[in-house]
Amino acid sequence: MATQEDKRTSTSAPMKLLMVASEAAPFAKTGGLADVVGSLPPALSSLGHDVRLVMPWYRQVRTITGDLPLNQNKLSVSMGGHSYKIGYRTGEFQGVQVYFLDYPEFYDRDELYGEQGHDYTDNAERFGLLSSAAIELTRHLGFVPDVIHAHDWQAGLVPLYLHQQLRRDPSFAGTGSLFSIHNLGYQGVFPLETAKSLGIDSSLLTSDGIEYHGKLSLLKAGLRYASQVNTVSPTYCREIQTPEQGMGLDGLLRSRADHLHGLLNGLDGKLWSPAQDHTLPQAYSADDLSGKAVCKQRLQEELGLQTAPDTAIVAMVTRLDTQKGIELVLGSWEKILSRNLQLVILGTGNPDYERRLAEAADFYPGRAKVLLRFDDAQSRRIYAGSDLFLMPSRYEPCGLGQLIALRYGCIPLVHATGGLADTIIDPRIAPETANGFVFEKYQYASLLQGLDRALEAYSEPPLWQKIRHQGMTQDMSWHQAAEQYLDLYRLCKKGLQ
């Protein structure tokens with residue numbers, strides 16, 4: 001936790017910070033990365049720092065911002081022997097200056113990364129250009145950041161380019177880099193020959209450089225060359241240094257252990273608040289839960305579930321992916337539904353999972369509902385109307401769903417991994433501060449035992465209300481996380497001295 005001295009320093013010594021990311025809420029989003037990049041910069045800005053964000057000008061960004069004016073001066077970016085002329089547009093979001101890189105050939109597409117289950121074949125060049133152009137933009141603006149904060153593989157070349165090119169530029173001699181791993185499972189792996197179009201020297205295409213199993217990895221570039229590296233929870237930070245969860249990079253991560261940190265994400269309390277959420281049939285708060293009972297009844301009616309106020313609704317709002325423990329749920333389906341509960345799942349993803357879940361729900365009309373879509377308003381009504389939120393993830397870097405569920409008084413039941421283990425406290429461990437339920441092993445029996453313990457607590461209203469109140473009232477704001485990131489930025493700078 002940041003000390004009072006740290007806080008005085010963060011106020012008295014403002015930093016210049018540049019964020020580089022492929023997505024940020026509310027402009028473009030496919031997952032939790034966007035939520036972090038949309039929340040952390042405003043939190044840092046509120047502490048008095050000059051924070052700027054660079055991201056692509058996607059087609060979907062325009063639906064949020066409208067047609068922002070194009071700056072008359074284009075950037076000249078050289079990458080891999082090719083010269084790119086890139087426009088940019090400028091907007092402001094909660095005190096943060098946002099620069100949208102406008103290069104239609106790369107970014108004016110229906111989706112961010114691919115379509116119909118297939119990645120765009122030029123993703124290496126698309127996001128290599130994001131990294132290169134972001135650095136060139138700082139020159140163009142005369143804005144020399146203290147630290148460039150790059151997020152995930154899409155910005156993984158930022159630390160490498162900074163190391164390889166800008167160390168020759170005296171004006172950037174004091175610029176450090178922080179690389180954030182939001183999910184080690186996505187590594188930006190491409191054929192070795194792609195290095196030429198990215199302007200990467202062939203001497204780096206070794207196991208000591210950015211070669212990864214006969215290919216090159218943009219994520220590995222970030223891990224290797226950033227001043228400091230962080231993941232989004234302390235437990236995940238430890239897990240990825242093991243062969244079981246290191247995705248083949250555990251050796252590199254262990255070698256950088258002194259520069260590797262685990263920081264928990266925060267949650268935007270204004271964005272996620274049942275007392276201010278206009279998508280809900282009735283607002284409610286930790287001190288007045290009458291509206292939550294209304295939300296539950298309306299959810300049952302909306303989804304065609306039996307109207308049963310005393311029956312627990314167990315919910316999942318998730319990507320239908322192996323990481324999220326869908327196999328664990330499908331393998332336990334009949335035993336889960338043999339309990340006195342109703343099950344609601346909202347999400348999209350693997351077509352096989354979509355089919356199997358839909359077929360399984362058909363056997364339990366009035367008791368199970370699977371909604372195969374992404375719907376923000378619907379997800380909020382599910383959080384508000386449900387009693388128990390299931391996150392059986394095989395691994396989870398931080399997790400956002402369990403944090404939202406806590407705010408909405410929907411008690412989480414989670415597998416003890418990554419950020420889930422760091423944020424959810426089981427009554428067996430700490431009865432006075434418990435905010436949910438945790439099952440230890442990634443096994444059917446362990447999941448069902450955790451479910452039974454949660455349902456037993458649900459049958460005891462005073463205990464249930466105590467756990468729910470603890471979750472709804474705990475501080476999950478971005479302020480503390482922002483202070484911890486400032487400590488990391490200072491480490492980035494210190495390493496250059």
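Let me begin by describing the structure that accompanies this report. (Residues numbered from 1 in each chain as written. Predicted model: local features only at pLDDT ≥ 70, side-chain atom pairs only at ≥ 80, totals over all residues. Heavy atoms only, no water.)

### Brief notes about the side chain of Lys296
What counts here: Helix numbers and strand numbers start at the N terminus; a helix is a DSSP run of H or I with at least 4 residues, a strand a run of E with at least 2. Each residue gets one of three labels from its accessible area relative to the maximum for its type: buried under 20%, exposed over 50%, partly exposed in between, using a 1.4 Å probe on protein chains only. We call two residues contacting when some pair of their heavy atoms lies within 4.5 Å.
Secondary-structure assignment places Lys296 in helix α11 (residues 290-303). Note on Lys296: relative accessible area 6%, which makes it buried. Discounting chain neighbours no more than four positions away, the residues touching Lys296 are Ala308, Pro309, Asp310, Thr311, Ala312, Ile313, Gly385, Asp387 and Tyr458.

### Notes on the sheet that holds strand β12 (residues 215-217)
Going by this rule: For two strands to be treated as a pair, DSSP must find no fewer than two bridges joining them.
Taken together, the three strands give an open sheet; going across it, the order is β10-β12-β11, and neighbouring strands pair in antiparallel fashion. Of all strands in the sheet, those bounded by a partner on one side alone are β10 (189-191) and β11 (211-212). Of the pairings in the sheet, the one linking β11 to β12 comprises two bridges and is antiparallel in character. The residue of β12 that forms the bridge with Tyr212 is Lys215.

### Observations regarding the packing of aromatic side chains
Definition in use: Any two of the Phe, Tyr and Trp rings considered here, Trp counted by its six-membered ring, make a pair once their centres fall within 6.5 Å; the pair's planes then place it as stacked at under 30 degrees, edge-to-face at over 60, or tilted in between. By definition here, charges over rings are those cases where NZ of Lys or CZ of Arg is within 6 Å of the ring centre and within 35 degrees of the ring normal.
If you walk through the whole model with that rule in mind, you get 18 aromatic pairs. Seen in terms of ring centroids, Trp57 and Phe100 are 5.6 Å apart; in terms of plane orientation they differ by 65°. Their pairing is edge-to-face. You can see Trp57 sitting in the loop between β2 (50-56) and α3 (59-65) and its partner Phe100 sitting in strand β5 (residues 96-102), a full 43 residues away along the chain. Accessibility classification places Trp57 together with Phe100 in one group, the buried group. With a centroid separation of 6.4 Å and 20° between ring planes, the pair formed by Phe437 and Trp464 is classed as stacked. With Phe437 in strand β20 (residues 437-439) and Trp464 in helix α19 (residues 461-473), the pair connects residues that are 27 residues apart, well separated along the chain. Of the two residues, Phe437 and Trp464, neither departs from the other in class, the shared state being buried. Aromatic rings pair up to connect Tyr58, Tyr84, Tyr103, Phe106 and Tyr107 into one cluster. Over the ring of Phe143 we find Arg52, and its NZ or CZ is 4.0 Å from the ring centre. Sitting above the plane of the Trp272 ring, Arg380 keeps its charged end 4.1 Å from the centroid.

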